[in-house]
There are 4 protein chains.
Amino acid sequence: MDEPIYDVAHLGHLELLTDQPEKSLNFFVNILGLTESGREGDSVYLRAWDDYEVHTLKLTASKTTGMAHVGYRTASAAALARRLAAIEAMGCGIGWTDGDLGHGRSYRFRSPDGHVFELYYDTKKYVAPPAERPALKNIAQRYHGRGVAVRRIDHFNLLASDVSPMRDFMIGALGSRVTEQIVLDDGTLAGCWFTINNKTYDMAVTRDHSGARGRFHHITYATDHRDDVLRAADIFLENGVFIETGPHKHAIQGTFFLYVYEPAGNRVEVANAGARLILQPDWEPISWTEADRRKGQAWGLKTIESFHTHGTPPVRAGK
Amino acid sequence: MDEPIYDVAHLGHLELLTDQPEKSLNFFVNILGLTESGREGDSVYLRAWDDYEVHTLKLTASKTTGMAHVGYRTASAAALARRLAAIEAMGCGIGWTDGDLGHGRSYRFRSPDGHVFELYYDTKKYVAPPAERPALKNIAQRYHGRGVAVRRIDHFNLLASDVSPMRDFMIGALGSRVTEQIVLDDGTLAGCWFTINNKTYDMAVTRDHSGARGRFHHITYATDHRDDVLRAADIFLENGVFIETGPHKHAIQGTFFLYVYEPAGNRVEVANAGARLILQPDWEPISWTEADRRKGQAWGLKTIESFHTHGTPPVRAGK
Amino acid sequence: MDEPIYDVAHLGHLELLTDQPEKSLNFFVNILGLTESGREGDSVYLRAWDDYEVHTLKLTASKTTGMAHVGYRTASAAALARRLAAIEAMGCGIGWTDGDLGHGRSYRFRSPDGHVFELYYDTKKYVAPPAERPALKNIAQRYHGRGVAVRRIDHFNLLASDVSPMRDFMIGALGSRVTEQIVLDDGTLAGCWFTINNKTYDMAVTRDHSGARGRFHHITYATDHRDDVLRAADIFLENGVFIETGPHKHAIQGTFFLYVYEPAGNRVEVANAGARLILQPDWEPISWTEADRRKGQAWGLKTIESFHTHGTPPVRAGK
Amino acid sequence: MDEPIYDVAHLGHLELLTDQPEKSLNFFVNILGLTESGREGDSVYLRAWDDYEVHTLKLTASKTTGMAHVGYRTASAAALARRLAAIEAMGCGIGWTDGDLGHGRSYRFRSPDGHVFELYYDTKKYVAPPAERPALKNIAQRYHGRGVAVRRIDHFNLLASDVSPMRDFMIGALGSRVTEQIVLDDGTLAGCWFTINNKTYDMAVTRDHSGARGRFHHITYATDHRDDVLRAADIFLENGVFIETGPHKHAIQGTFFLYVYEPAGNRVEVANAGARLILQPDWEPISWTEADRRKGQAWGLKTIESFHTHGTPPVRAGK
């Protein structure tokens, strides 16, 4: 058996597009509880209080919505070189950037469905200004308690016209491992969950029922505790944020979840995984069948229909 | 900068000695909520409901108490070979075992303070008997809800007459990284926390104020949620288990903790780390000073005096 | 303004019928976590760990299901006499019983829809046998941690062919106050929540869409904390108990809820009200409109259809 | 047996004095999460989000600290008249006030230790301005999520040079019931907990070890859930608020607690009682002995020494 690949350390950040930049920024800062750590051009850089890098969300004003790109940080400069070689061999490379406000140069490449990824090792660590210094020196920023006050970026979910090529791409380009998957009765892969470290997943791909390509499903920030998700529901309710579904516990991965739409329509999840980790180096993917899925989520809640159709950007009529 | 070492996948199990085998077994099964998965000789094999291996605790009847050995699982057979080479070069190797009820052959070696470690790759995965099959296929065993019903093994803590050599040993033998440490005003290392994966720590070493060598401080099982620790306190209270300190939140590592003594005197912790993980590949150790420590735990609880003196086996008078 | 009536102290107990007596008993004892405190004839007497009386649930083997009767305890013997006078004046009295295993003589009367109520003052307080004695002397029985381990009886919900007469009955017979209600666009009362103390409600009546009379909707036990409701969901899941809806937060009364069916089909809720109490002596009923109800529960979950139709006993075909 | 007295509905408000008015106000509004609902003279009126009256805390700038007075609301105008008669018969009456910004006229009287009490029935109910209107119509104000965001006033604790006369006073003047008490080995009453409704206690009196008279121990606001108390600890920590003790669970009354000092030195508790209520009309007081108290709080935490000495105003040297 091959050895696991540990070249990629963790999910770094997402760049999301919004056509309601002021409202979206208010949502992420005052309701979700991210902190602004920089601005450049049409973008605002945001972070959760225990993210160690300058940003985990780049929010960019645009005519549309969805994900502009996603970045992962490698375990070392040498690991980045190894990944670059693998990606170039796959023929999906785009090329180097000069870096961004929040990190050094990065190598960009494209998923089979058209999503833009990048890998980088050089990064900028967040240094808390005096007003944000934590009482305990082992967290990145003070627990400010503002809004949902999520702790750190957790994972993201893409939609794809075809899930199988995305699976091969994640394994080949990043060295990701499949932890769970949905296999339909005809053998089609309808969803796939990946990890590149001990988190149970940092990325998921699910089938876009609209048939569109390259769309975005959701970004997830982790709350420190499960009860923070329940508290988030009250905060969303009182602030007029559209709650799509939850709080409830996923059957797949067992995550306690709550889904909302930020003002521009991008789906945002707050979630807590409990003490679940994938520590086993030879973990075998868990496969869920159509019969399994008909049971709904862990405690019986039916999967909401919009989960299969709502993505960003929206699908235009006639497309 | 060197690349991180990912040869060791995770902490596997501890073998604890008890001179009260029936009472200890009752504690671990009915109060802490572990499940018996085998017996051999004087030993009972135990596991938490989401441990994927046959056992994470081997409880062995003995004339004394403390830790007989600790096992870590490597990421692959090749990784085991690499570690063995490193350990032999360090001159602390003991040699191969034929394996145990719960795993295949292992390589044993000794810490500078005399604690016995082993590394293994071949293991036995737990297959739940019908009565223990979970409703959801992505957990190892059903959530039985018995006693504290801890989810998985988390970490352990050793006492050492001198912490510095233990730090070098953990880095050299396992490839562990130091995540946090206590450095006294005279530069002495008084405590050190290590991880070999994305957990914030899987092992800690603290100074034995008795001057004894090779003793054991505690084993920790993780509850799925923080509120399970509070519930555990009520369970321990109602069952007459000695509560040493907690529930409270550690300043170091931020873990929500509760410490008790099992009937034979071995210290057991139930804990929850929240959503905290060490994902950063170039994490720099956090150092706590004497002044920091005088502030007590996160919310001000003074560190209990017995934390520096109570270990197993007990120190004999005159020693 | 009239003074509030404080004659009735609290909801005492329900007698539920089951045509699956062994399975129902196993549910209430091993899954919900009640404790058996007596047996007599076809009945088993059950209590939650902090109920102060001998029983709060009398489970009686029968050919059918539903509620046989409900008992409330008065604040004093004199208060009982005052209520009796009021009830006799209403013309709905049945007469005195000789008492039951769990309490002294009681006065029975009938609701407009045919449900049997009783009032009593003389009661039998639970005296914990040695194995059930709590560590702290201010709770009635030890926190045993078995199953969901609910803390105390909370409330019950009846179905009625017409809600308005039930409202007048509760106000007239018990001196209950209406805390919340659903008023349809045509002015019909579709649901009504009552309290006779500082609890937000101890009884609810909702309209039976089947048109049947005198049926039972659910009994509710309170968990000590909200997280116990989430834990209950896992326990129900692993024990094959049918989860109807939840966990979620009610819009009406704000209770965090979870509904299941015990093996004979009687609906059981576990719930937590947070710190909500009705302390205000001149509380004015909150009215919910059809438009309000279309928003679903507090965080948007749609009210499940079976909530309007499933009651016990079941409605026979052709009836 | 006499019938219980239900003349007093609930604890209404406290007036606290502060010699650090700006800092105290910032604490109560931005850290504890109360909302300002009025100002008059040197006083600011404050309320928790589910308090139904205009205020539950009147914070008054002063040269000293401690409690200026405490108000209880009666169940009716007639009940107020009955209490007045009882109080006048006891000889501790002061006389009528013209009312306050937050309520109508009140009758004041004095405790044996000199604390000022008042009873009122006419009150002013809080009407939320548009920005504070809740999403659900059954709570008084939106859940704003600011700071600890406590839900409602819960209870208060006075110090007294002699506890026994205070007990007789509470029973005689308010009709309170004793729910728990500390009786020393020599028969002296060292602490006493009272309720006038179904809450487990709304007032406590404990012995002032300094020998001073008429001092104040603490005011308590209830969080909606127990986990809010843990979250409060992080908020206090990050805002430099002095944490005296907790979070932990009281042996007496079983409340989950956390004590801090607001900037002027008045002690403030945030607490959660779980689902515990005193519904039993013939509840017999629970007595705790010196031996009981030596066991510490519920899970073994020793009662902090300052609990017996720190009160407001501070005791002057030489007094």
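Every chain is numbered independently, its residues counted from 1 as its sequence is written. Starting at A for chains and at 1 for ligands, labels are handed out in the order in which the entities are written. For this predicted model, a pLDDT threshold of at least 70 governs which residues receive local features, and a threshold of 80 or more governs which side-chain atom pairs are given and counted, while totals over whole chains, interfaces and linings are taken from all residues. Heavy atoms from the whole structure form the basis of all side-chain values; hydrogens and water molecules are not counted.

## Re the confidence of the model for chain A
Known as pLDDT, the predictor's confidence for each residue is given on a scale from 0 to 100. For chain A, per-residue confidence averages 96 on the pLDDT scale, and 99% of positions sit at 70 or higher. For this predicted complex, the interface score ipTM comes out at 0.96, alongside a pTM of 0.98.

## Notes on the environment of histidine 209 of chain D
By the element assignment, histidine 209 of chain D lies in the loop between β12 (203-207) and β13 (216-222). For the pair histidine 209 of chain D and isoleucine 243 of chain D, spaced 34 residues apart in sequence, the C-alpha separation works out to 21 Å. Only DSSP runs of H or I with at least four residues qualify as helices, and only runs of E with at least two residues qualify as strands; both kinds are numbered from the N terminus onward.

## Remarks on the nonpolar core
To qualify as a nonpolar core, a set must consist of buried Ala, Val, Leu, Ile, Met, Phe, Trp, Tyr and Cys residues joined through side-chain atoms within 4.5 Å. Classification of residues uses two cut-offs on accessible area relative to the type maximum, computed with a 1.4 Å probe and protein chains only: under 20% is buried, over 50% is exposed, and between them is partly exposed. Counting residues in hydrophobic clusters, the biggest one holds 164 residues, and the most contacted among them are Tyr72 and Phe236 of chain A together with Tyr72 and Phe236 of chain C. Discounting residues that sit within four places of it in the chain, phenylalanine 236 of chain C has contacts with Phe27, Ile31, Leu32, Val148, Val241, Ile243, Leu258, Val260 and Val270 of chain C. Core analysis: the second largest hydrophobic core is formed by 163 residues, Leu14, Tyr107, Met170 and Val270 of chain D among them. The contact definition used throughout considers only heavy atoms, calling two residues in contact when any of these lie within 4.5 Å.

## Quick look at helix α1 (residues 21-31) of chain A
Of the positions making up α1 of chain A, those classed as buried are Ser24, Leu25, Phe27, Phe28, Val29 and Ile31 of chain A. Glycine 33 of chain A lies just past α1 of chain A and shows a positive phi near 95°.

## A short note on unusual backbone geometry
In this model, glycine 246 of chain B is joined to proline 247 of chain B through a cis peptide bond whose omega is -5°. Here proline 247 of chain B lies in strand β14 (residues 242-249). With a phi angle near 55°, alanine 149 of chain A is a residue other than glycine that sits in the positive phi range. Looking at the element boundaries, alanine 149 of chain A is found in the loop between β8 (116-120) and β9 (152-160).

## A word on the sheet that holds strand β16 (residues 267-272) of chain B
All names here are of chain B. Strand order in this open sheet of nine strands is β14-β15-β16-β13-β9-β12-β11-β10-β17, and the pairing throughout is mixed. Whereas interior strands pair on both sides, the edge strands pair on one side only; in this sheet they are β14 and β17 (286-288). Here the average twist between neighbouring strands, direction ignored, is 15°. The sheet contact formed by strand β15 (residues 256-261) and β16 spans six bridges and is antiparallel. Bridging from a neighbouring strand, valine 260 pairs with valine 268 of β16. Should DSSP find at least two bridges between two strands, the strands are regarded as paired. Between N-to-C directions, angles span 0 to 180 degrees; the directions come from axes that are lines fitted to C-alpha atoms, helices contributing only their stretch in contact.

## Brief notes about the interface of chain B and chain C
In this assembly, 15 residues from chain B lie in contact with 15 residues from chain C. Here the quantity called buried area is the accessible surface, traced with a 1.4 Å probe, that two parts lose on coming together, added over both. At the boundary of chain B with chain C, total buried surface from both sides reaches about 1200 Å², with 50% on carbon and sulfur atoms. Polar contact is the term for a pair of N or O atoms within 3.5 Å; when the atoms are in protein, one must be able to donate a hydrogen and the other to accept it, and sequence-neighboring residues count only if both atoms are side-chain atoms. Where chain B packs against chain C, one counts eight residue pairs in polar contact (both at pLDDT 80 or more). Amino acid classes used here: Ala, Val, Leu, Ile, Met, Phe, Trp, Tyr, Cys and Pro are nonpolar; Asp, Glu, Lys and Arg are charged; the rest, including Gly, are polar. Here the residues of the side of chain B that touches chain C are counted per class, giving seven nonpolar, two polar and six charged.

## A short note on the layout of surface pockets
Leftover empty space is mapped by rolling, across the atoms, a probe with the size of a water molecule. Points on a 1 Å grid over protein atoms alone make up a cavity when a 1.4 Å probe fits among them but cannot get out, and a pocket when they form an open set with protein on both sides within 12 Å along at least five of seven lines; lining residues each have an atom within 4 Å of a point. Grid points are joined across faces, edges and corners, and a volume is the space filled by probe spheres set on the points. Taken as a whole, the second largest pocket holds about 1000 Å³ of empty space. Lining of the second largest pocket is provided by 47 residues; of these, Leu301 of chain B together with His248, Gly300, Leu301 and Lys302 of chain D occupy positions nearest its centre. Contributions of two or more residues to the lining of the second largest pocket are made by α4 (226-238) and β14 of chain B together with α4 (226-238) and β14 (242-249) of chain D. Taken together, the residues of the lining of the second largest pocket break down into 25 nonpolar, 13 polar and nine charged.

## Quick word on the relation of the copies chain B and chain A
Both copies of the chain are related through a single rotation about an axis accompanied by a shift along the same axis. When the copies are superposed, the least-squares fit draws on C-alpha atoms of residues that have pLDDT of at least 70 in both. With an RMSD of 0.0 Å, the fit of chain B onto chain A corresponds to turning through 180° and sliding 0.0 Å along the axis. Taken together, the rotation and translation relating the two chain copies correspond to the operation of a two-fold axis. No C-alpha of chain B approaches the rotation axis more nearly than that of asparagine 198 of chain B, which lies at 3.0 Å. Interface overlap between copies: 100% of the residues of chain B at the interface are likewise at the interface in chain A, consistent with a symmetric, same-surface contact.

## Topic: the interface of chain B and chain A
With 51 residues of chain B at the contact, the number on the chain A side is 52 residues. Here chain B and chain A share an interface that buries about 4200 Å² over both sides, 53% of which is from carbon and sulfur atoms. Only β1 (8-18), β5 (66-74), α2 (77-90), α4 and β17 of chain B provide two or more residues apiece to the side of chain B that touches chain A. Across the side of chain B that touches chain A, the residue classes break down as 21 nonpolar, 14 polar and 16 charged.

## Structural notes on the packing of aromatic side chains
Side-chain rings of Phe, Tyr and Trp, where Trp is taken by its six-membered ring, are said to pair if the distance between their centres is within 6.5 Å; with planes under 30 degrees apart they count as stacked, over 60 as edge-to-face, and otherwise as tilted. This model, assessed by the stated rule, comprises 58 aromatic pairs over all chains. When the ring of tryptophan 96 of chain A is compared with that of tyrosine 107 of chain A, the centres are 5.4 Å apart and the planes differ by 70°; the resulting orientation is edge-to-face. In this pair, tryptophan 96 of chain A sits in strand β6 (residues 93-96) while tyrosine 107 of chain A sits in strand β7 (residues 106-110), placing the two residues 11 residues apart along the sequence. Through a chain of ring-to-ring contacts, the aromatic side chains of Tyr72, Phe109, Phe117, Phe156 and Phe169 of chain A assemble into a single cluster. Placement of a charge over a ring requires the Lys NZ or Arg CZ to be within 6 Å of the ring centre, with the centre-to-atom vector within 35 degrees of the ring normal. Over the aromatic face of tryptophan 96 of chain B sits the side chain of arginine 105 of chain B, whose NZ or CZ is 3.7 Å from the ring centroid.

## Section: the packing of α4 of chain B against α4 of chain D
At their nearest, the axes of α4 of chain B and α4 of chain D sit 11 Å apart, and the two run at 110° to each other. One element, α4 of chain B, and the other, α4 of chain D, form an angle in the roughly perpendicular class. The segment α4 of chain B lies against α4 of chain D, with Arg226, Asp227 and Leu230 of chain B engaging Arg226, Asp227 and Leu230 of chain D. Just so you know how the angles are binned, under 35 degrees is roughly parallel, over 145 roughly antiparallel, 65 to 115 roughly perpendicular, and the rest oblique.

## Digging into the environment of methionine 67 of chain A
Residue and element names in this part refer to chain A. By secondary structure assignment, the location of methionine 67 is in strand β5 (residues 66-74). Classification of methionine 67 by relative accessible area gives buried; the value is 14%. Sequence separation between methionine 67 and alanine 232 is 165 residues; the distance between their C-alpha atoms is 24 Å. Those residues within four positions of methionine 67 in sequence are excluded, and the remaining contacts are Leu14, Glu15, Leu16, His115, Val116, Phe156, Leu158 and Phe216.

## Observations concerning the relation of the copies chain B and chain C
For these two chains of identical sequence, chain B goes onto chain C by a turn of 180° and a shift of 0.0 Å along the axis, with RMSD 0.0 Å. With an isologous cut-off of 70% or more, the 100% of interface residues of chain B that recur at the interface of chain C puts this contact in the isologous class.

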